[in-house]
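Survey of secondary and tertiary structure
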Amino acid sequence: MKSSLFAFLTVLCLIALVVCPAGADSKNVKIGVTAIISHPAIDAAKEGFVKALADAGFVEGKNVVYEDHNAQGDMGNTRVIAEKFAGDKSIDIIHTVSTPSSQAMVKIIKDRPIVYSAVTDPVGAGLVKTMDADGGNVTGVSDAWPVERQFKLYSEMLPSAKKWGVIYNAGEQNSVTSVGEARKAMEKFGLTMVEVTVSTTADVYTAAQSLSDRVDAIYVASDSTAAGALESIIKVCNSKKVPMFSGDTGSVERGVIAGLGLSYFDIGYEAGKKAVMILKGEKKAGEIPSGFGQNLSLVINLNAAKAQGYDVPEKYLKMAAQVIK
């Protein structure tokens, strides 16, 4: 009798291992996602994150549930979302996209891993103490732009432009960092920055109008507020024939002439790979170094160039990874 019972239990265990193998499929995972706004770059980072998890066996609708929240550009909402996640103990890991959303989450969540993406200066923003493994509950991938390389290219593409306008929210730490880098790059290439600060997306159109008669071109820095009202800037640039360049490629699709930028899908994918290590129990968040986006590509929008009165030289069209016609 004992022998038969032991054999029966052994068979049950073997069946259980087949039906529910160890690893990704043995646990339903809940992932909290928070972003400051909906924007092509931010959305691409989220898509890359999901793809990295799916490639590792963590598939939405199968063994993963995503709870996705958008702060709609409101800094107060970032804290509301963080508090909601803090109270939901069923969330296993959190993906934060953008600096404001990451800062709000890191201040409140201490008991679960946080993986950030699309953050310009993770150390300056207080997310991590160092880009190396710092022993905390946070890791991720920075989207620090190669600003000097961008302005080397843009100044060659538009040599007549000596004054460049920038619109940004001085209350966003990542924006201050991005604009500071842009200022240094412009100085290196003999250019002058003309700045206008805004507090909300509602201020962006007026800011663009105030710049349009004072500058030769406009640069879209890494700023969530300006990105959230990008169409307002594009509208002004089209009507005033002011060439507009950006540091991300997603903005080019929306109506900017050109952008030498990172792949935000790749940034999200790399962040997702870090999340996979955590979910599989291979490492804790604090044992995983933060990283930087790597892959650069030039995207050019010929429709935007025509609307803004700029004729793109053929050599740059040949350099581009994508030309939007």
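These lines cover the structure that appears in this document, whether it is placed above or below. (Residues numbered from 1 in each chain as written. Predicted model: local features only at pLDDT ≥ 70, side-chain atom pairs only at ≥ 80, totals over all residues. Heavy atoms only, no water.)

**Here we look at the sheet that holds strand S12 (residues 296–301)**
As summarised here, the arrangement of the seven strands in space is S7-S6-S8-S9-S10-S12-S13, forming an open sheet in which the pairing is mixed. Looking at which strands have only one partner, the edges of the open sheet turn out to be strand S7 (192–197) and strand S13 (322–324). Strand after strand, the sheet turns through a mean of 20° between neighbouring axes, direction not considered. When strand S6 (residues 163–168) meets S7, the two strands line up parallel, connected through six bridges. Note that in S7 the partner of Val166 across the bridge is Glu195. (Pairing = 2+ DSSP bridges. Helix = DSSP H or I, 4+ residues; strand = E, 2+ residues; numbered from the N terminus. Axes fitted to C-alpha atoms, helices over the stretch in contact; angles between N-to-C directions.)

**Here's the deal with the side chain of Ser224**
Here Ser224 shows up in helix H8 (residues 224–228). A relative accessible area of 12% means that Ser224 is categorised as buried. Not counting chain neighbours up to four residues away, the residues in contact with Ser224 comprise Ile36, Ile37, Glu172 and Ser175. (Buried < 20%, exposed > 50% of the residue type's maximum accessible area, 1.4 Å probe, protein only. Contact = heavy atoms within 4.5 Å.)

**Quick look at the nonpolar core**
Across soluble globular proteins, nonpolar side chains have a tendency to be buried as a group. One finds Ile31, Phe151, Met157, Trp164, Tyr219, Phe245 and Ile300 to be the most contacted residues of the largest nonpolar core, which totals 82 residues. Residues Ile167, Val204, Val220 and Val242 belong to the second largest nonpolar core, which totals 21 residues. (Core = buried A, V, L, I, M, F, W, Y, C linked by side-chain atoms within 4.5 Å.)

**Side note on the pairing of S6**
Counting buried positions along S6 gives five out of six residues, so the element sits mostly inside the fold. In this fold, the crossover linking S6 to S7 by way of helix H6 (residues 173–188) has right-handed handedness. In this structure, S6 lies alongside strand S8 (residues 217–220), joined through three bridges in parallel fashion. Note that in S8 the partner of Gly165 across the bridge is Ile218. (Right-handed = clockwise from strand over helix to strand, strands pointing away.)

**What about the side chain of Thr249?**
Structurally, Thr249 can be placed in the loop between strand S9 (244–246) and helix H10 (250–254). For Thr249, a relative accessible area of 16% puts it in the buried group. For Thr249, the contacting residues outside a window of four places in its chain are Gly259, Gly261, Leu262, Ser297 and Val299.

**Things to note about the sheet that holds strand S11 (residues 291–292)**
Pairing is parallel across the open sheet formed by six strands, whose spatial order is S2-S1-S3-S4-S5-S11. Strands at the two margins of the open sheet, each flanked by one partner only, are strand S2 (64–70) and S11. Here strand S4 (residues 114–119) pairs with strand S5 (residues 138–142) via five bridges, running parallel. Counterpart to Tyr116 in the pairing with S5 is Gly140. On top of the sheet, helix H2 (residues 40–55) reaches strand S1 (29–35), S2, strand S3 (93–97) and S4; it is set at about 150° to S3, its chief contact.

All quantities given are derived from atomic positions and should not be read as evidence of function.
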